[in-house]
Amino acid sequence: MAETRLMTLRAKMTEADAAYYQQDAPVLSDGDYDALRAEVVAIEAAFPDLITDESPTQTVGAAPAGGFEKVTHARPMLSLANAFTDDDVVEFFGRVRRFLSLSEQAAIEMTCEPKIDGLSAAITYKQGKFTLGATRGDGSVGENITANLAVIGDVPKQLTGDDVPDVLEVRGEVYMAKDDFAAMNAALEADGKKVFANPRNAAAGSLRQLDPSITATRPLRFFAYALGQVSGDVGSSHWELLDRLKRWGFVTNPLNRLCTSAEDVLTFYHDIETRRAALGYDIDGVVYKVNRFDYQNRMGQVSRSPRWATSHKFPAERAVTTLNEITLQVGRTGALTPVANLEPVTVGGVVVSRATLHNEDELDRKDIRAGDTVVIQRAGDVIPQVVEVLLDRRPDDSAKFVFPDACPVCGAPTSRPEGEVVRRCSGDLVCSAQVVERLKHFISRDALDIDGFGAKNVEQFYSFGWVKTPADIFTLGEREAEIAQLEGWGPASAAKLRNAIEARRTIPLDRLMFGLGIRQIGIDTARVLARTYETAETLFAQFDLLVAFDEAANAEMLAIDGIGPSVVSEARRFFTNPDNRAAVDALLEHVTIEAVQAPTIDADSVLAGKTVVFTGTLTQMSRAEAKARAEALGAKVSGSVSKKTDLVVIGLDAGSKAKKAAELNLETMDEDQWVAFLNG
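Rules and cut-offs
- Residues numbered from 1 in each chain as written.
- Predicted model: local features only at pLDDT ≥ 70, side-chain atom pairs only at ≥ 80, totals over all residues.
- Heavy atoms only, no water.
- Helix = DSSP H or I, 4+ residues; strand = E, 2+ residues; numbered from the N terminus.
- Buried < 20%, exposed > 50% of the residue type's maximum accessible area, 1.4 Å probe, protein only.
- Areas by Shrake-Rupley, 256 points an atom, 1.4 Å probe, with all protein chains shown as cover.
- Axes fitted to C-alpha atoms, helices over the stretch in contact; angles between N-to-C directions.
- Parallel < 35°, antiparallel > 145°, perpendicular 65-115°, else oblique.
- Left-handed = near helix turned anticlockwise from the far one by under 90°.
- Contact = heavy atoms within 4.5 Å.
- Nonpolar A, V, L, I, M, F, W, Y, C, P; charged D, E, K, R; others polar.
- Pairing = 2+ DSSP bridges.
- Salt bridge = Lys/Arg side-chain N within 4 Å of Asp/Glu carboxyl O.
- Phe/Tyr/Trp six-rings, centres within 6.5 Å; stacked < 30°, edge-to-face > 60°.
- Lys NZ or Arg CZ within 6 Å of the ring centre and 35° of its normal.
- Core = buried A, V, L, I, M, F, W, Y, C linked by side-chain atoms within 4.5 Å.
- Expected span 1.5 Å × (residues − 1).

Description of the overall build of the protein chain
No. 1: Assigned secondary structure in the protein chain consists of 25 helices and 26 strands.
No. 2: Relative to its full complement of 680 residues, the protein chain shows a buried share of 53%.
No. 3: When the accessible surface of the protein chain is totalled, it reaches about 29,800 Å², and 50% of it is carbon and sulfur.

Below is the structure:
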């Protein structure tokens, strides 16, 4: 199943992130890592309900390494959503129009910038003087690389101009030009030293040297393209900002373009595409940003990506190879995911040997069989997928792949629930594959996030019988001496693991909920539930009522904005299983659950902590924008009116919700009053 495959990919990427970002010792090639990430993108495109904050498409980088001081970004460094086709770009323009309630005739200015393949950095200036530099890190916390950035010629130490804000954080990309990369590698090779695989790895490795004098010998460059924290006026548009950045002393990409329509944007994109190979630096697409800052502010962000920007990836590269075997992977929820095991083939400079086949229907639709000669492509330079079968080369004895009636891991019966595309193993906690994947999920970044405890450790400790349930993780300290004797461990690393586990005995409610791995409850849904019910006692009591089919509890949870029938159904199914409930109860004996930290809001907001309901048709803004603006002010947006509702915003043709608000004598606003309130 897609959800299970996502968890498996994420565990692999967590280990790779730690090796790449924290030890500067990659365990995967650049292409292999991109292929893992891109498979997530492909699955999420097919199953958008599975997109969560823990997904690699919603997170950036890795937690900062111990070798650098940590820096908390004043404003998160967001990732970007991706577009892969011209139609995706047209739809992006459509989403912007719908969100802002703009007509089809209204021009939407977009800045278009080549997407540099390098390392993002944030550089802070105070009174125009360079004071701090940081990596992106995980988007919230990065590494202090001030001394390293200071030796890059494109990074000004003192800004020029009389309109520089007192506090200014400039963001951009550190990169290495192709010619500089080739010359540096030649010099390294001549000295008998290890060469870099590509310019991006070279830039990242050079920038994260603990000794800045080494960084100073590397030919690094910097393109500025955005702002973080800022204390003063920087203009009314992104295009104006880019002009100011140049005046202040930064280098911006001379290929940047201001466009006014989807047609103009796509013309620019295809022009850059044809010139890509001749450019002096690597790019992997074009970034589009809504130009007006007031539009950007209105649109805000979803999870960890802005609504007002997207990255348009370059088209797929293809190759032909043999599909040797189709195997099945069993994931956390019992989903059986078919995987194509390929004769290794180079696609766009990257060796590809595996590709997901997604699910039973996709396998049937493309009629993919073992022994087939298949066309492989990497969409957007990264996504590995089987495009088609060359039927004229199909062996005479080929046979369709048949999904088994029994799980290949535990032998339990498999079934495909009505209305789903996924076949599942019914073994649940009896199936070792499911148990191991659940444990991996429990320690993932957005769940327990135990430093130094990765997916391979879970597999090893499970094989020893040391960890069977999440609660067992908190008894590993008793095995410190045994762990220290294992290959690759030692007294210091075993003690470090024990301390890291102890540090997680207090965990926020949303992390705990996400870590339980309940289907349909990703990190965003877990956060909504945690903020709604506030304490573990209240939330788990609600789940107990769901198990008892309490109608009031069912209706109450469905009334929460963002919570649908599938969430309620899956929560009921999970807690109905006595083994699951016993595992949760055992876990609660080892941990202390703390309330979820409220989102950062305007301290003067009168909506902080209030419940708001929108009803009727809004004409001055879309419903999505109204909801986003309310949440930005600290409100909880609900889908139904009750005694707990604090404010009802009533649009045109409002029905039963407006009537109920009047019956309950609740505070109400019409749309004009709501807009005036926001503007005030």
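Thoughts on the packing of helix α12 (residues 432-442) against helix α13 (residues 455-463)
Each pair of packed helices gets described by two things: the angle between the helix axes and the distance between those axes.
No. 1: α13 packs onto α12 with a crossing angle of 135 degrees between their chain directions and a minimal axis gap of 9 Å. Classified by the angle their axes make, α12 and α13 are oblique. The handedness of the crossing between α12 and α13 comes out as right-handed. Where α12 abuts α13, its residues S432, V435, V436, L439 and K440 lie against A455, V458, E459 and Y462.
No. 2: When the residues that make up the contact of α12 with α13 are grouped by side-chain class, the tally is six nonpolar, one polar and two charged.

Things to note about the pairing of strand β14 (residues 317-330)
No. 1: Direction of pairing for β14 relative to strand β15 (residues 336-347): antiparallel, over a ladder of seven bridges. Bridge pairing in β15 links I326 to A340.
No. 2: Where β14 folds back onto β15 in an antiparallel hairpin, the turn is made up of five residues, including G334, whose phi is positive at roughly 85 degrees.

Observations concerning the side chain of N457
No. 1: Structurally, the position occupied by N457 is in helix α13.
No. 2: Owing to a relative accessible area of 14%, N457 belongs among the buried residues under this scheme.
No. 3: Leave out the neighbours within four places in its chain, and N457 touches G452 and W489.

A look at the sheet that holds strand β3 (residues 110-116)
No. 1: Strands sit in the order β2-β13-β10-β3-β9 across an open sheet of five strands; the sheet is mixed. Each edge of the sheet is formed by a strand with only one pairing partner; in this case those strands are β2 (81-83) and β9 (257-259). Each strand axis lies, on average, 35 degrees off the axis of its neighbour in the sheet, ignoring direction.
No. 2: In the packing of helix α8 (residues 238-248) onto the sheet, contacts are made with β3, β9 and β10 (283-290), and the angle to β3 comes to roughly 55 degrees.

Some remarks on the packing of helix α20 (residues 551-558) against helix α21 (residues 565-576)
No. 1: Contact pair α20 / α21: the axes reach a minimum separation of 9 Å and the direction vectors enclose 135 degrees. Taken together, the axis directions place α20 and α21 in an arrangement best described as oblique. Where α20 crosses over α21, the handedness of that crossing is right-handed. Taking contact as the criterion, the partners of N554, M557 and L558 in α20 are, on α21, P565, V568 and R572.
No. 2: For the contact of α20 with α21, a count of residues per class yields four nonpolar, one polar and one charged.

Digging into the sheet that holds strand β7 (residues 167-175)
No. 1: One open sheet accounts for four strands, arranged β5-β4-β7-β8; its pairing is antiparallel. Among the strands making up the open sheet, the edge pair consists of β5 (129-135) and β8 (221-230). On average, each strand axis in the sheet is tilted by 30 degrees relative to the strand beside it, whichever way the strands run.
No. 2: Pairing analysis gives seven bridges linking β7 to β8, with the strands arranged antiparallel. Paired with R171 across the strands is A226, a residue of β8.
No. 3: Its contacts with the sheet put α8 on β7 and β8, and the angle it makes with β8 is roughly 115 degrees.

Concerning the pattern of salt bridges
No. 1: Tallied over the full model, the rule gives 39 salt bridges.
No. 2: Across the pair R369 and D367 runs a salt bridge whose closest N-O atoms are separated by 3.1 Å.
No. 3: Where R424 meets E420, a salt bridge forms, and the shortest distance between an N and an O atom there is 3.4 Å.
No. 4: What you see here is one network of salt bridges that share partners, running through D163, D233, E240, D243, R244 and R247.

Examining the packing of aromatic side chains
No. 1: Using the criterion set out here, one finds 18 aromatic pairs in the structure.
No. 2: Taking 5.6 Å as the distance between ring centres and 90 degrees as the angle between the ring planes, the aromatic pair formed by Y125 and F250 counts as edge-to-face. A residue pair is termed long-range when its members are at least 10 positions apart, and Y125 in strand β4 (residues 119-126) and F250 in the loop between α8 and β9 qualify at 125 residues.
No. 3: Clustering of aromatic rings is evident, with ring pairs tying together F453, F461, F464, W466 and W489.
No. 4: When the ring centre of Y295 is taken as reference, the NZ or CZ atom of R292 above it lies at 3.9 Å.
No. 5: Above the face of the Y462 ring, K468 is positioned so that its terminal group lies 3.9 Å from the ring centre.

Remarks on the side chain of N291
No. 1: Tracing the backbone through its elements, the reader meets N291 in the loop between β10 and α10 (293-299).
No. 2: If near-sequence neighbours (up to four positions away) are discounted, N291 is found in contact with E109, M110, T111, S236, S237, H238, W239, L258 and Q296.

Some remarks on the environment of M621
No. 1: Note that M621 resides in the loop between β23 (611-615) and α23 (623-632).
No. 2: Note: C-alpha distance between M621 and E671 (50 residues apart in sequence) is 9.1 Å.
No. 3: Beyond its immediate sequence surroundings of up to four residues, M621 is in contact with S101, A626, R629, E671, W674, V675 and L678.

Remarks on the environment of L328
No. 1: Among the structural elements, L328 can be located in strand β14.
No. 2: When residues no more than four places from it in sequence are discounted, the contact partners of L328 are L336, T337, P338, F401, F403, P404 and P408.

Digging into the pairing of β7
No. 1: Burial analysis of β7 places eight of its nine residues in the buried class, which makes it a mostly covered element.
No. 2: The sheet contact formed by β4 and β7 spans eight bridges and is antiparallel. Bridge pairing links Y125 to L168 in β7.

So, the nonpolar core
No. 1: With 56 residues, the main nonpolar core has F461, M513 and F543 as its most contacted residues.
No. 2: Leaving out residues up to four positions away in the same chain, F461 has contacts with F453, W466, V467, L476, I483, L486, W489 and L497.
No. 3: Membership of the second largest hydrophobic core comes to 34 residues, among which are L119, L159, V170 and L188.

What to know about helix α3 (residues 86-100)
No. 1: For α3, spanning 15 residues, the distance from its first C-alpha to its last is 22 Å, which sits close to the expected 21 Å at 1.5 Å a residue.
No. 2: A positive backbone phi angle near 55 degrees is found at S101, which sits one or two residues after α3.

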